[in-house]
Amino acid sequence: MDSTLSWRVPRVFSMVAVLFLLFSFLNQAQANEEIDLTILHTNDIHATFDEYAKVSAYVKEQRAVADRLLYLDAGDAVSGNPVVDLNLGKPIYEVFNLAGVDALAIGNHEFDFGQEALIENMNISEFPWLAANLDVGDTGVEQTKPYEIFDVDGLSVAVFTVTQAPPATAPANTVGMTFDGNYAEVAKSYQTELEEQADIIIAMTHIGFDNDRRLAEQVDYFDLIVGAHSHTTLNAPNIVNGTPIVQTGSNLNNVGKVTLTYDEATDSVVNTTGGLVSVSSLTAVDAEVQAVIDGYNAEMEDLLGEVIGTSNNGLTRDGRFNGDAPLGNFWTDAMRDMADSDFAFTNNGGIRASIGAGEVTLGDIYQIEPFANEVMVIEMTGQAIKDVLAYSYSRDNRNEIDLQVSGLHYNILTGPTGSYQDVTLTKDNQPLNLEETYTVAVADYIGTGGSGYNFEGTVLSETVGLMTEAMKNFAYKLTAEGKTLDYAREGRIKLSVDPTAPVPGEIIGSTETGLYSANKNRNDVGIGNLYTDSIRAKAGTDIGLLNGSSVTGEVQPGPITDQQIESLDGFGNVIVSVETTGSKIKDVILEQAKYRRGVDVQVSGLAYNLVTNESGAITDVEITLENGDAFDVNATYTVAYNDYMHGAAFYNLNSETIESDLGPVWTSVVDYVAAQEAPINHEEGSRVTINGEGSEDDPSGLRTVAQAIANNSGTAKVKGYIVGSIVNSSPVLGEGTHAPSNLLLADSPDETDRSKMLPVQLVNGTAVRNGLNLPSHPENLGKLITVTGSLEAYFSTPGMRAPTTFTFEEEAEPEEPEVPEEPEVPGEPEEPEVPEEPEAPACEFAAWDAAKTYVAGDKVEHNGDFYVAQWWTQNQNPADNSGNWEVWQKVMDCYEIPDGPQEWNANTIYDTGDQVIVDGQVYEAKWWTQGQNPVDHSGQWDVWKKINDSEPEGPQEWNAEAVYTEGDRVTHKGKLYEAKWWTQNQSPHNNSGNWDVWKKVK
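Residues numbered from 1 in each chain as written. Predicted model: local features only at pLDDT ≥ 70, side-chain atom pairs only at ≥ 80, totals over all residues. Heavy atoms only, no water.

### Section: the overall build of the protein chain
Helices and strands together make up the secondary structure of the protein chain, namely 21 helices and 58 strands. Taken across its 1002 residues, the protein chain has 48% of its residues classed as buried. Residue pairs in contact within the protein chain that sit at least 24 positions apart in sequence constitute 65% of those at least 6 positions apart. For the protein chain, the computed accessible surface area is about 47200 Å², with 47% contributed by carbon and sulfur atoms. (Helix = DSSP H or I, 4+ residues; strand = E, 2+ residues; numbered from the N terminus. Buried < 20%, exposed > 50% of the residue type's maximum accessible area, 1.4 Å probe, protein only. Contact = heavy atoms within 4.5 Å. Areas by Shrake-Rupley, 256 points an atom, 1.4 Å probe, with all protein chains shown as cover.)

### A look at helix 4 (residues 90-99)
Within helix 4, seven of the 10 residues are buried, which leaves the element mostly enclosed by the surrounding structure. Backbone geometry just after helix 4 places G100 at a positive phi near 85°.

### Considerations on the pattern of salt bridges
Counting across every chain of the model gives 25 salt bridges. Among the ionic pairs, D533 bridges to R687, the shortest N-O distance being 2.9 Å. Separated by 154 residues along the polypeptide, D533 in helix 15 (residues 526-539) and R687 in the loop between helix 19 (665-675) and strand 34 (688-690) bring together distant segments of the chain. The structure contains a network of salt bridges with shared partners spanning D210, R213 and D643. (Salt bridge = Lys/Arg side-chain N within 4 Å of Asp/Glu carboxyl O.)

### Let's talk about the packing of helix 2 (residues 52-65) against helix 4
Contact geometry for helix 2 and helix 4: axes closest at 9 Å, N-to-C directions at 20°. Between helix 2 and helix 4, the angle is such that the two are roughly parallel. With respect to the hand of their crossing, helix 2 and helix 4 are arranged in right-handed fashion. Residues Y52, S56, V59 and K60 of helix 2 form the contact with helix 4, whose own contacting residues are V95, F96, L98 and A99. Of the residues that constitute the contact of helix 2 with helix 4, the class distribution is six nonpolar, one polar and one charged. (Axes fitted to C-alpha atoms, helices over the stretch in contact; angles between N-to-C directions. Parallel < 35°, antiparallel > 145°, perpendicular 65-115°, else oblique. Left-handed = near helix turned anticlockwise from the far one by under 90°. Nonpolar A, V, L, I, M, F, W, Y, C, P; charged D, E, K, R; others polar.)

### What about the pairing of strand 16 (residues 343-347)?
Where burial is concerned, most of strand 16 is hidden: five out of the five residues are buried. Of the two faces of strand 16, the one carrying F343, F345 and N347 and the one carrying A344 and T346 are both buried. As judged from the three bridges shared by strand 16 and strand 23 (residues 437-443), these two strands associate in the parallel manner. Across the sheet, F345 pairs through a bridge with V442, a residue of strand 23. The pairing of strand 16 with strand 19 (residues 403-406) spans four bridges and is classified as antiparallel. Its bridge partner being in strand 19, N347 is matched across the sheet by L403. (Pairing = 2+ DSSP bridges.)

### Side note on the packing of aromatic side chains
In this structure the tally under the stated criterion is 21 aromatic pairs. Here the aromatic cluster, defined as three or more aromatic residues joined through ring pairs, consists of Y52, Y93, F96, F127 and W129. Here the guanidinium or amino end of R213 rests over the ring plane of F209, the centre of that ring lying 5.1 Å away. The residue whose ring lies beneath K783 is F808, and the NZ or CZ to ring-centre distance is 4.9 Å. (Phe/Tyr/Trp six-rings, centres within 6.5 Å; stacked < 30°, edge-to-face > 60°. Lys NZ or Arg CZ within 6 Å of the ring centre and 35° of its normal.)

### A look at the side chain of N173
Looking at the secondary structure, you find N173 in the loop between strand 7 (155-163) and strand 8 (178-179). For N173, a relative accessible area of 12% gives the class buried. At 3.2 Å, the side chain of N173 and the backbone oxygen of F111 are in polar contact. (Polar contact = N/O pair within 3.5 Å; in protein donor to acceptor, adjacent residues only side chain to side chain.)

### Topic: the sheet that holds strand 4 (residues 129-130)
Reading across the sheet, the six strands line up as 4-3-2-1-13-14 and stay open at both edges, with mixed pairing between neighbours. Across the chains shown, the open sheet's two edge strands, defined by having one partner strand only, are strand 4 and strand 14 (268-278). Summarising the sheet, strand 13 (residues 254-263) and strand 14 pair through 10 bridges and their orientation is antiparallel. By the bridge assignment for strand 14, V255 is matched with V277.

### Details of a negative patch on the surface
A contiguous patch of negative charge, built from E33, E34, D36, D67, E264 and D267, is present on the exposed surface. Looking at the secondary structure, you find E264 in the loop between strand 13 and strand 14. (Patch = residues over 30% accessible without salt bridge, like charges linked within 9 Å, V, L, I, M, F, W, Y side chains within 5 Å. Lys, Arg positive; Asp, Glu negative; His and termini not counted. Charge placed at Lys NZ, Arg CZ, Asp CG, Glu CD.)

And the structure:
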């Protein structure tokens, strides 16, 4: 028995030991378990109030299913909706309370309503307002916390915040406060105490994506950066220096969702996943939040619905960046009327929307000016006004109009690159006296230093009233006088170009051939080669890549200056370097080429050829290294590109960067050009081709009139003779009574065929109209010019709209060859006179030849029909148009065209307004279409509408299946709506789509 016991006792102990070890292992496993933390985030809502009940419902749904969750808003919750803004922001913070916002980063627009409103909004908020780099001083505003520590079910989470310094708001709103703009140093000063207190550390910032990237590069202890201010849509976390950065865009289009996985054993975040949820895709509504929204909307409806006037044409802000805009003219006239001043100015950035035709309501006024800006009055000299206008155009190298004006006309003179040269000012058609003083009404935002403005002078009144009050009262005044609120572009502001002006800046190099971007969709171009070579040299990478939209502009043959290069950079993109695979590079080049139906990516260190199939669709890409060696899709390469490409999912080559900020692209170009001893010359088509061929077009983008007619799209330079104008829809050729608003160009000064002429719009108040119109300059008739503008339909035919520059061209007179005189031969009879051959009939053309290359304007005969080529083509049968593009069109002059709509033809291209007949029913095209049957709408878009003899009058009930375009009106739930642009299946009530295309008509 003893032996039995001696055997059993150890076994019992053994079992206990096993159980002990098992429990110890389980406890250890539990201690080392990975914990998920969900972060929901919004930013730059800008008072998008009406949709917020869906966001609140989504937040509460996620809280119910997530073990650990925080909901953060990164600022700029207000300024954009009069219902919110007239209540000084209060409604949005009330619904934030109901939705359970855990923390708010103060955005620049949180200050918009002044310090009293700021104090009130902070007091009603049930969540902390954070900003580590703000010192409120003695203002009475509660000092913001630098961070908040949250205990999320045992997980310690720190949310640290910095805000824009200084904030973009009226300076009066932040008097007494100081802001530290050294974001990285502020963050580093809190590192120790944050790491001691928190398992996970999140930076919630309101400084913009560029600054977020720099922050991540300089500070390495954040587990996540939740960003705002730049309205950047990041569909997935963008990794910089190991730190993921997220941002949702703006205006409540999206809610961000990020999951951080925390490992207790390593005390670190081991995984980050995230993306965006479209608010339009959400269906559940938080009833409690919706009740608050409905209450405020109902409360404000009578006030905002108050009609203050009528506009037949609407008041648009369009065109404000290159001249005076109708809304800008109304706005500044209202300011000048309120202030009883000589002049008035307001900045374009404060004009937030346009006003449509019809009744103008007080709500419209608050919609276009949501900032509660006030009108201040300053006494200034003419010279001080001139200095302000010089700054307004050239600030931050923007080279665009920024100040709308009343009481004064000004003309900005620029050089050929758009750089500021001078400004002339006139009052009542007389030059402004620069020594004299004038009273000037300005928006207090710019009058107190906003956007860097300095209105030097004596402040006569810090405020004479709100901007909205000025416009409301002025509208009432005009209405009482029996006037409508109809304004036009009057020429108060003009832009003139002096093509002979010197290129500004320091000469850093030269080019003999010129550097252009016009053919970038067909091959590599000079500007693209220069840019990609430059960023590659700067980053020291194997390859340089840039997307086509980042490669724009031209450098004419001659010297190159640093300011000239800087002026070409409209985006301010910075260089980013990454390590990636050859496979990823190939995918980006090919997929973007397929999407854009041509070349997109410009390259350095590579050469590639796009391959098309028989129908012309791009199917493959062949890539080699620049030295001719094979490109290995399995190899790893270093690549330099820009931050836009790095932040876009369809261009991104690797979320991890080698370096994320190598400076702006343009500075690398300046450095590269300065380092070259020889001129910068590039032969197009040496790096990128399609089917082994580059474009045959002029590298400078110069087109003949025939080419402009045949390929009537995009911005281009066209060279042609001025042969006439159009008056009351009829061409006037040669001498006669011409219109000042348009020209007709042709390739020959003797052209009489209207179909071979390009109508050119001359926009009122522009340098182009002033210099070219025939009533003022009859001597221009027959002159050869080059004019740059947008190729698009004008007078219902291929034309050019909104030209920006022009130059007169010298005609090269051909030298006549010398013909030696033949000696007289005595007695030789005179040769009989040979009668002239009769002109061939207009429609006798040579037969089409499949082996021949044709260009725009070439005419052929094929199977008894007559065709004209629209652009370059080879081996494309005119009868079946066997290619990617419909390049052959019938010469309609050779046919008798019957009146009225004809039977629909699947092979014909139709455009907006064209009518056809199918089974006896008439249909009208809403836009471009080919091969799309009007009966069954066999295509991607519903482009045909049935024309009925007895269509009902007035707006009809909204139909989810119908396609609406700009100006269409519908009724929905008893209310009238008007479409702002194309839409289908987007409900007017909740604007269920990506864009807010419906506006309520009161």
